[in-house]
Amino acid sequence: MDKSMLGDLDSLPEEDKIRMSAMIDQLQIRDSLRMYNSLVERCFSDCVDTFRRKSLDKQEETCVRRCAEKFLKHSMRVGMRFAELNQGAATQD
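The name that an unreviewed UniProt entry assigns to the protein chain is Mitochondrial import inner membrane translocase subunit, with the source organism given as Elaeis guineensis var. tenera.

Structure follows, in structure tokens:
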């Protein structure tokens, strides 16, 4: 975790800072897992039509790859935009 996130918590005792840091880390892991699960569920539902084989056919594989790329690009763009908005809000204070 980026320790600058705890900058506003300087007045807290060290024990509480460590606890807050651990909580933030857990939330970040949970959010990452949710994003991954959402990606898998969405791309699987959109791309896999049948269960005739144990591996994906070429069309399904291409679809999954494109779906995952779009999802990740979108997530990165949303994250960048959120960071821009947070930075703008911080400079207005």
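(A) Seen up close, helix α1 (residues 14–47). The end-to-end C-alpha distance of α1, which contains 34 residues, comes to 49 Å, matching closely the 50 Å that a straight helix rising 1.5 Å per residue would cover. All of the buried residues along α1 are Lys-17, Ser-21, Ile-24, Leu-39, Cys-43 and Cys-47. Elements in contact with the buried residues of α1: α2 (58–92).

(B) Focus on the packing of aromatic side chains. What the rule picks out here adds up to one aromatic pair. With a centroid separation of 6.0 Å and 40 degrees between ring planes, the pair formed by Phe-44 and Phe-51 is classed as tilted. We classify Phe-44 as partly exposed; its relative accessible area is 43%. On the accessibility criterion, Phe-51 (69% relative accessible area) is exposed.

(C) Seen up close, the packing of α1 against α2. Axis separation between α1 and α2 bottoms out at 9 Å; the angle between their running directions is 145 degrees. Note that α1 runs across α2; the crossing there is right-handed. Residues Met-35, Ser-38, Leu-39, Cys-43, Asp-46 and Cys-47 of α1 pack against Glu-60, Cys-63, Val-64, Cys-67, Ala-68, Phe-71, Leu-72 and Ser-75 of α2. Its residues assigned to classes, the contact of α1 with α2 shows 10 nonpolar, two polar and two charged.

(D) How the structure looks around the environment of Cys-43. Structurally, the position occupied by Cys-43 is in helix α1. In contact with Cys-43, not counting residues within four places along its chain, are Val-48, Val-64, Cys-67 and Ala-68.

(E) Focus on the pattern of salt bridges. Per the counting criterion, the structure on display carries eight salt bridges. One salt bridge in this structure joins Arg-19 and Asp-16, with 3.5 Å as the shortest N-O distance. Separated by three residues within a single helix, Arg-19 and Asp-16 lie in helix α1, roughly one turn from each other. We classify Arg-19 as partly exposed; its relative accessible area is 44%. Here the residues in one salt-bridge network are Glu-15, Asp-16 and Arg-19, joined through shared partners.

Rules behind the numbers
Residues numbered from 1 in each chain as written. Predicted model: local features only at pLDDT ≥ 70, side-chain atom pairs only at ≥ 80, totals over all residues. Heavy atoms only, no water. Helix = DSSP H or I, 4+ residues; strand = E, 2+ residues; numbered from the N terminus. Expected span 1.5 Å × (residues − 1). Buried < 20%, exposed > 50% of the residue type's maximum accessible area, 1.4 Å probe, protein only. Contact = heavy atoms within 4.5 Å. Phe/Tyr/Trp six-rings, centres within 6.5 Å; stacked < 30°, edge-to-face > 60°. Axes fitted to C-alpha atoms, helices over the stretch in contact; angles between N-to-C directions. Left-handed = near helix turned anticlockwise from the far one by under 90°. Nonpolar A, V, L, I, M, F, W, Y, C, P; charged D, E, K, R; others polar. Salt bridge = Lys/Arg side-chain N within 4 Å of Asp/Glu carboxyl O.

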